[in-house]
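Analysis of the macromolecular model
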Amino acid sequence: MGFSGGGWSRNLETHFQKVRMVAPSLKLQDLIEEIRGAKTQAQEREVIQKECAHIRASFRDGDPVHRHRQLAKLLYVHMLGYPAHFGQMECLKLIASSRFTDKRVGYLGAMLLLDERHDAHLLITNSIKNDLSQGIQPVQGLALCTLSTMGSAEMCRDLAPEVEKLLLQPSPYVRKKAILTAVHMIRKVPELSSVFLPPCVHLLHERHHGILLGTITLITELCERSPAALRHFRKVVPQLVQILRTLVTTGYSTEHSISGVSDPFLQVQILHLLRILGRNHEESSETMNDLLAQVATNTDTSRNAGNAVLFETVLTIMDIHSAAGLRVLAVNILGRFLLNSDRNIRYVALTSLLRLVQSDHSAVQRHRPTVVDCLQETDASLSRRALELSLALVNSSNVRAMMQELQAFLESCPPDLRADCASGILLAAERFAPTKRWHIDTILHVLTTAGAHVRDDAVANLTQLIGGAQELHAYSVHRLYNALAEDISQQPLVQVAAWCIGEYGDLLLEGNCEEIEPLQVDEEEVLALLEKVLQSHMSLPATRGYALTALMKLSTRLQGDNNRIRQVVSIYRSCLDVELQQRAVEYDTLFRKYDHMRAAILEKMPLVERDGPQADEEAKQSKEAAQLSEAAPAPTEPQASQLLDLLDLLDGASGDAQHLPPLDPSPGVALVYLLDLPCAPPPPAPIPDLKVFEREGVQLNLSFIRPPENPALLLITITATNSSEGDVTNFICQAAVPKSLQLQLQAPSGNTVPAQGGLPITQLFRILNPNKAPLRLKLRLTYNHFHQSVQEIFEVNNLPVESWQ
């Protein structure tokens, strides 16, 4: 009997399909071994695909006996990252089963495969409710674990009464799991706080460690999310104090002690709760003051567990209404942390001291030598924190000593810290400089050491400072000439030196400087040095512009022939740089056509009004002059006519104005007339507030103030409010501005914004904008809200024009 070839092949294929269908499924242990034995990822995928096909077939057949085994294998596949969504409905079937082996795997599958995004999770609500109502503790534990893992808001509302009943069950096993489930419910649905308030007071009397620790956690969650719960649990502060005192003195149980510290986890949790209860409440704070002092002095610091308890104690002391001596004790604890060999502990201490430096400046100052020593840390994060704290510790009494330490650190610090260090030194020197000469020396040292890392406005600030210190012109030009002769690679230093030589080159040639050793310099050396700057490949176009302008100014200050200067200027008439070429053409034209005006045009720059701390004295003198001008006689009629004409130019109405007599065209006389006009500027209009951020009830508003006495300074007050039902904790706001502006961040008023319109957080930004550049802010917000970490980075480009113009 014969067979056709096509029929035989089809029969063979059907035979192999039947063999594959009846091939036995692997056990879980065998599946794990086969997957681990796969040599390549392709082999692993082949094994998993084959087994998933068996699992799907078993689910379709509805085999109730081996369903939990198939789901267990599917969960292992899911843990490896492969899709396992087709097992969700099987989880529901196993949970509804009466066998414990089925429920165990079913609840485990529900925790792994179901979440709030899947509607199927709502189908197990009745099964969980029935299991909670049974008296079988293992089943109740499975149901509670599943509810606390993936329970949605709807499930929490439906099952809250059952969980409340289990809080008072006699079994510690069930009560502990019920407490943890209640914590999850409060986080999901804060309005359920009233349901769990009554059992908590009773649970505080428990001696079981797990129940007590869970109860403290539950009360903490209630207090953070409900003002009513916060007021309610302030009554139990004495009881919490007694529990903690017992832990410190007699211990809880030896099995929960770690490295000689009695139950550090429970201590930390109680201290955290006390910090919440004592915040903004003086009576509660007084109750816990003695206990906090006892914990701070009796805790062993030789082990990490004791350091954790001490750090939580410090945070509690600083956040409540504690006594002054207790706050000093907390700062001293952080000072001891700085001497710890563990880098993590030192970092925590530096970060905490940085938060406290504004409120407890004198106490933190005692640890200034230790903080300065931390600048030499090899860990970049530690040295950065030490630098920030060192800059925050600078004041008028220690500015000289601190600047010496910071300048020494600037010479050896890593490149990524050099810009921050240089900027911080310049800001601190401007704010606390004891003398102008010291200020100039400090800036020169920074420019010499890290000129490439300073802010763009450092050149303008130094030239402004030197121009305003007339008695230091000779000293400054000599110092800058020496620095320029040694190094022409630091571009900001070269720019300042070129400007100063151009302005005060005559003082350099005279050599009459009492502050430093006399230096004999001739004209040829000065010109040769500026030509060297022009020809150097390291010079930027802006630096060459400074040097070319300096040569032009020296043409009116030197006694010799100007042919050399004219030749250099004419060379740059064909320069490729358009800006430099334009300057050279204009200067050459000044030589050829307007030589009679060159001396007047190239006079020394007039004194420009400075903004900042160093201008306070000038502001006082200006105020006194204004008071004298008010007491002076009224101006004459021609001056009044000039004022009317000036106003007419602005208003466009000249009908009622009197005509001026011809004025002397001399610039000096015109300047005198202009300065004689007693015209006070109108008060600035208020700047409107601006809302820049809003998310889930958290809102950030900006308000602006520009002091009339210092219009280049802008004060921005950041106000963070919270209208949601959950507290905002660990709130940090950081900002950045363009390099042409100077930004100083003041310490915030706190780091927690209470829920439902509680006391907001405010923080002050000081922005110095001498050039009136368009203002842009880049903000980074980090905080915790509803137990989720939030980080937002955004740019604010719609700031009011009045804030910078």
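Quick look at the structure, then. (Residues numbered from 1 in each chain as written. Predicted model: local features only at pLDDT ≥ 70, side-chain atom pairs only at ≥ 80, totals over all residues. Heavy atoms only, no water.)

1. Considerations on the sheet that holds strand 8 (residues 788-796)
Spatially, 3 strands are ordered 4-7-8 in an open sheet, and the strand pairing comes out antiparallel. At either end of the open sheet lies a strand with only one pairing partner, and these are strand 4 (728-736) and strand 8. Within the sheet, the average angular offset between the axes of one strand and its neighbour, ignoring direction, is 10°. Here strand 7 (residues 777-785) pairs with strand 8 via 9 bridges, running antiparallel. Looking at strand 8, one finds that Leu779 is bridged to Phe794. (Pairing = 2+ DSSP bridges. Helix = DSSP H or I, 4+ residues; strand = E, 2+ residues; numbered from the N terminus. Axes fitted to C-alpha atoms, helices over the stretch in contact; angles between N-to-C directions.)

2. Structural notes on the sheet that holds strand 6 (residues 761-768)
The sheet built from 5 strands is open, its strands ordered 1-2-3-6-5 with antiparallel pairing. The outermost strands of the open sheet, each flanked by one partner alone, are strand 1 (690-695) and strand 5 (742-745). Direction aside, the axes of adjacent strands within the sheet are offset by 20° on average. The pairing of strand 5 with strand 6 spans 4 bridges and is antiparallel. Following the sheet pairing, Gln742 is matched in strand 6 by Leu768.

3. Remarks on unusual backbone geometry
Even without glycine at this site, Asp263 takes up a positive phi of about 45°. Considering the arrangement of structural elements, one finds Asp263 in the loop between helix 14 (237-249) and helix 15 (264-278). Classification of Asp263 as buried rests on a relative accessible area of 2%. With a phi close to 55°, Asn730 is a non-glycine residue in the positive phi region. As for its position among the elements, Asn730 is in strand 4. (Buried < 20%, exposed > 50% of the residue type's maximum accessible area, 1.4 Å probe, protein only.)

4. Let's talk about a nonpolar patch on the surface
The grouping of Met79, Leu108 and Leu112 at the surface amounts to a nonpolar patch, some 290 Å² of accessible area in total. Following the sequence through the fold, Met79 ends up in helix 4 (residues 67-79). Looking at Met79, the relative accessible area reads 61%, which means it is exposed. (Patch = residues over 30% accessible without salt bridge, like charges linked within 9 Å, V, L, I, M, F, W, Y side chains within 5 Å. Areas by Shrake-Rupley, 256 points an atom, 1.4 Å probe, with all protein chains shown as cover. Salt bridge = Lys/Arg side-chain N within 4 Å of Asp/Glu carboxyl O.)

5. Considerations on the state of the cysteines
Going through the model one piece at a time under the given rule, you end up with 0 disulfides. Free of any disulfide, Cys200 has its nearest cysteine sulfur in Cys223, 8.9 Å distant. Owing to a relative accessible area of 0%, Cys200 belongs among the buried residues under this scheme. (Disulfide = S-S within 2.5 Å.)

Everything listed here is a matter of coordinates, which is why it stays silent on function.
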